Amino acid sequence: MIRDMQQEDAAELTGLMGELGYATNVDQMTDRMKKIQLREEYKTFVWEEDDRIHGMIGMTHSLAYHDDRSHIRVIAFIVREGERGRGIGKQLMQTAENWGAEQGAGTIQLNSGNREERKRAHEIYRYYGFQGTATGFYKKL
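Residues numbered from 1 in each chain as written. Predicted model: local features only at pLDDT ≥ 70, side-chain atom pairs only at ≥ 80, totals over all residues. Heavy atoms only, no water.

Focus on the overall build of the chain
Using the following cut-off: Numbering of helices and strands runs from the N terminus; a helix is a DSSP stretch of H or I covering at least four residues, while a strand is a stretch of E covering at least two. Two residues qualify as a contact provided that any one of their heavy atoms is within 4.5 Å of a heavy atom in the partner residue. Surface accessibility follows the Shrake-Rupley procedure with a 1.4 Å probe radius. Residue values consider only the protein chains on display as shielding. We count Lys and Arg on the positive side and Asp and Glu on the negative side, and we leave His and both chain ends out. Taken as the charge location is NZ of Lys, CZ of Arg, CG of Asp or CD of Glu.
When helices and strands are tallied, the chain shows four helices and five strands. Seen in sequence order, the chain has helices and strands lined up from the N terminus as β-α-α-β-β-β-α-β-α. Along the longest, intermediate and shortest principal axes, the C-alpha atoms of the chain span 40 × 35 × 35 Å. Look at the contacts in the chain between residues 6 or more apart in sequence, and 58% of them connect residues 24 or more apart. If you sum the accessible surface of the chain, you get close to 9500 Å²; carbon and sulfur atoms cover 48% of it. Here the chain holds 20 positive side-chain charges and 22 negative ones, and the gap between their average locations is 6 Å.

In structure tokens, the structure reads:
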């Protein structure tokens, strides 16, 4: 079942962030989620079954300089290893798209690393209807 993220989910989200390749601890994740939940332009959905979170999608809704319509940017999207292939990701993405439409957004966007281990994810994004039309650049501050 898909539902809004709750603060009590921070421990399980910590594990999911680790699967994404972003090691963190429960205290850090709890602090992040508290801050995120205070911002109305952020939304986090989780997919829960048998009191266990098997997937999550976290996004932000923002205005654009290049377009009159706003957009949704997926910041974190993961389905627990061992639970993939069950349609959990597809349901989470559809929920994100529905939320975006409710916000009046014109597009949904995401970035994904150009690493060998991300190739399968890129195939899935294309299956969901995304087009790989941009290259992201990052610089640490």
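Still more ground to cover, so stick around.
Some details on the nonpolar core
Basically, it comes down to this: Residue types Ala, Val, Leu, Ile, Met, Phe, Trp, Tyr and Cys, when buried and joined through side-chain atoms within 4.5 Å, form a set referred to as a nonpolar core. Type-normalised accessible area, obtained with a 1.4 Å probe on protein chains alone, sets the label of each residue: buried when under 20%, exposed when over 50%, and partly exposed for intermediate values.
Membership of the largest hydrophobic core comes to 19 residues, with the highest contact counts inside it found for Ile-57, Met-59, Phe-77, Leu-92, Met-93 and Tyr-125. The set of elements that each furnish at least two residues to this core consists of strand E2 (42–49), strand E3 (52–62), strand E4 (71–79), helix H3 (88–103) and helix H4 (119–127). If one sorts the elements of this core by residue count, H3 sits on top with five residues. Those residues in contact with Phe-77 that lie beyond four places of it in its chain are Leu-20, Met-56, Ile-57, Gly-89, Leu-92, Met-93, Tyr-125 and Tyr-128.

Description of the sheet that holds E2
Convention followed: Any two strands with at least two DSSP bridges between them are considered paired. A fitted line through C-alpha atoms represents every axis, and for helices the fit uses only the stretch in contact; the resulting angles, taken between N-to-C directions, go from 0 to 180 degrees.
With mixed pairing, the five strands of this open sheet are ordered in space as E1-E2-E3-E4-E5. The outermost strands of the open sheet, each flanked by one partner alone, are strand E1 (2–4) and strand E5 (107–110). The average angle at which neighbouring strand axes cross in this sheet is 30°, direction not considered. Summarising the sheet, E3 and E4 pair through eight bridges and their orientation is antiparallel. If you follow Gly-55 over to E4, its bridge partner there is Val-79. Across the sheet, H3 is in contact with E1, E2, E3, E4 and E5; its angle to E3 comes to roughly 25°.

Examining the environment of Gln-6
Relative to the helices and strands, Gln-6 is located in the loop between E1 and helix H1 (10–20). Residues Gln-6 and Lys-90, 84 residues apart in the sequence, show an inter-C-alpha distance of 21 Å.

Description of H3
Which entries qualify depends on this criterion: A helix's residues, less one, multiplied by 1.5 Å, set its expected span. In this context, the arc is that of the directions from the helix axis out to the C-beta atoms.
With 16 residues, H3 ought to run about 22 Å at 1.5 Å a step, and its terminal C-alpha atoms sit 23 Å apart, in line with that. Restricting attention to buried positions, one finds in H3 the residues Ile-88, Gly-89, Leu-92, Met-93, Thr-95, Ala-96, Trp-99 and Gly-100. Projected onto a plane normal to the axis of H3, the buried residues spread over an arc of 155° and lie on a single side. The exposed residues of H3 that point more than 90 degrees off its buried face are Ala-101 and Glu-102. Elements that come into contact with the buried residues of H3 comprise E1, E2, E3, E4 and E5. Trailing H3 by a residue or two, Gly-104 shows a phi angle of about 85°, which is positive.

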